[in-house]
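Examining the three-dimensional arrangement
What follows is each chain in one-letter form.
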Amino acid sequence: MTNPTTLRAPAPAERMSRVKESPSSRVADRVREFQAAGRKVLPLTIGEPDFDTPDHVKEAAIAAIRAGETKYTSANGTPALQKAITARLLRKTGQSYAGDEICVGGGAKQLIFLAFMATLDEGDEVIVPAPYWVSYPDMVTVNGGRPVTVATTADEGYKLTPDQLREAITDRTTWVVLNTPNNPTGAVYSESELRGLTDVVRAHPHVSILCDEIYDEINYGARPVPSAVTVAPDLRRRIFLVNGVSKAYAMTGWRIGYGAGAAGLCAAIGTLQSQSSSCPSSVSQAAAVAALDGGREFIDRTVGIYTERRDLLVSGLAAIDGLRPTAPEGGFYVWVDASALMGSVTPSGKRITTDAELAEHFLDTSGVVVISGDSYGCPGHFRASFALSSEIIGEAVAGLARSVELLRR
Ligand code: PMP
């Protein structure tokens, strides 16, 4: 006889009501389902490089396995990886970070999550400029904090202004998140823009900056991409830089990210890792050393290819009446204003009132998948990735043009 009490699954904790699955993971699953059903889709949703990890990185991982580097490491990374990170940070920011000011985790994503877990008390506020990377608000709320979103505008290049920051700061503000280059808009903060923001933060000693620079190697302007710590070295202990090898070296599956900032914060993150994952993968850490120490050939080559694709996608979208793309300064996404299409009517008589409905219309009529702007806190827009071949980008642009033409305005 079955006892109903033995069949009961653990009830979700209250905190689970404060977090949802990442929209990008959900859309990626949807694309896989469509493909499995034999439907042709053009996935402008891709959030990772379509290049293979460079061979010298793979070789380093294989050598590490052969050399027996297959055991637990210290929670905040092997000495070799800490050294490679320190050297990269010095090259980029001119700052020398000590080993205890560095932390290593299973991707930049895990480090941002742990930084919030380590610092937020119930009700602490985190200023998140919108459009934002989909994960920040959920990471804040699940860790007891309150995301305070501040809408940026196309006129300001989708960048937070010092006045907006000043107005958003309260006694409870713990962090302001700066993501440069930004996902989804591709905006890159200039040195003078960063100076304006760090000046505001300097005047509020209880506020720190979480600077997510994961796309910094993929940029189409001056290099290196300016960093908050370069313009405000005196705030170094209040700036947590987050980066990783996922995007620059096509290593998303290896799961290595790093952070640099106050020793106390890095220690707290290490403590949390020691009680959760123990440490990042030893083999992936060896691979990350090879990536960071391995010269710029891979990055220069791939950024050249991204540049061509970016121009193809931006010019293709700009030629479609009703779409207004912004040319990204970094990253591999184009942010598109589609507000002109709201209120238009599909051939089946359905009125499009949200960007999610517009994305559905694209999928139905041309198989093009985009991520709608509401996921990024900015309705009326969508994000289109160009981490895809030029052929696919060309087909997708043609498909979008057809889909838009079908709409009655
Ligand atoms: N920050 C941003 C803005 C991102 O877009 C991503 C990846 N989508 C990450 C962080 C996480 O990168 P990682 O693979 O290092 O966890």
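Residues numbered from 1 in each chain as written. Predicted model: local features only at pLDDT ≥ 70, side-chain atom pairs only at ≥ 80, totals over all residues.

**Points about the overall build of the chain**
Tallying secondary structure elements over the chain gives 14 helices and 13 strands in all. The C-alpha atoms of the chain give 22 Å as radius of gyration, which agrees with the globular expectation for 409 residues (22 Å, within 12%). Summarising its shape, the C-alpha atoms of the chain cover approximately 60 × 60 × 55 Å along the three principal directions. Counting every position in the chain, which comprises 409 residues, the buried fraction comes to 50%. (Helix = DSSP H or I, 4+ residues; strand = E, 2+ residues; numbered from the N terminus. Rg over C-alpha atoms; globule rule 2.2 N^0.38 Å. Buried ≥ 20, exposed ≤ 12 C-beta atoms within 10 Å, placed from the backbone.)

**What about the site of the ligand?**
Around the ligand lies a shell of 13 residues, among which Gly107, Ala108, Lys109, Gly244 and Ser246 are the nearest. In terms of residue class, the shell around the ligand is made up of 3 nonpolar, 8 polar and 2 charged. (Near = placed C-beta within 6 Å. Nonpolar A, V, L, I, M, F, W, Y, C, P; charged D, E, K, R; others polar.)

**Observations regarding the UniProt feature "domain: Aminotransferase class I/classII large" (unreviewed entry) in the chain**
Within this structure's numbering, the places UniProt gives as "domain: Aminotransferase class I/classII large" (unreviewed entry) are residues 40-398. The span residues 40-398 carries 38% helix and 16% strand; its end-to-end C-alpha distance comes to 14 Å. (UniProt positions renumbered as here; feature names shortened; annotations may be inferred.)

**Some points on the domain arrangement of the chain**
With domains assigned, the chain is organised as domain 1 (13-52 + 298-405) and domain 2 (55-293). Spacing between the C-alpha centres of domain 1 and domain 2 amounts to 26 Å. The interface of domain 1 with domain 2 comprises 32 residues on the first partner and 29 residues on the second. Taken together, the elements giving at least two residues each to the side of domain 1 that touches domain 2 come down to helix H2 (23-36), helix H12 (297-318) and strand S10 (333-337). Top contributing element to the side of domain 1 that touches domain 2 by residue count: H12, with 6 residues. Of the residues contributing to the side of domain 1 that touches domain 2, the split by class is 14 nonpolar, 9 polar and 9 charged. (Domains from an automatic or database assignment. Contact = placed C-beta atoms within 7 Å.)

**Some details on the sheet that holds strand S5 (residues 173-179)**
Strand order in the open sheet formed by 7 strands is S2-S8-S7-S6-S5-S3-S4, and the pairing between neighbours is mixed. The open sheet terminates on both sides in strands that have one partner only, identified here as strand S2 (102-105) and strand S4 (146-151). Averaged over all pairs of adjacent strands, the angle between their axes in this sheet comes to 20°, without regard to strand direction. Bridging between strand S3 (residues 125-130) and S4 involves 6 bridges; their strand directions are parallel. Within S4, the position partnered with Val128 by the bridge is Thr149. (Pairing = 2+ DSSP bridges. Axes fitted to C-alpha atoms, helices over the stretch in contact; angles between N-to-C directions.)

**Some details on the sheet that holds strand S9 (residues 324-326)**
Strand order across the open sheet formed by 4 strands is S9-S10-S13-S12, with antiparallel pairing between neighbours. Both edges of this open sheet fall to S9 and strand S12 (371-372), since each of them pairs with a single strand only. Direction of pairing for S9 relative to S10: antiparallel, over a ladder of 3 bridges. Residue pairing across strands places Pro325 opposite Val336, the latter belonging to S10. Against the sheet, H12 engages S9, S10 and strand S13 (381-385), with an angle of about 10° to S10.

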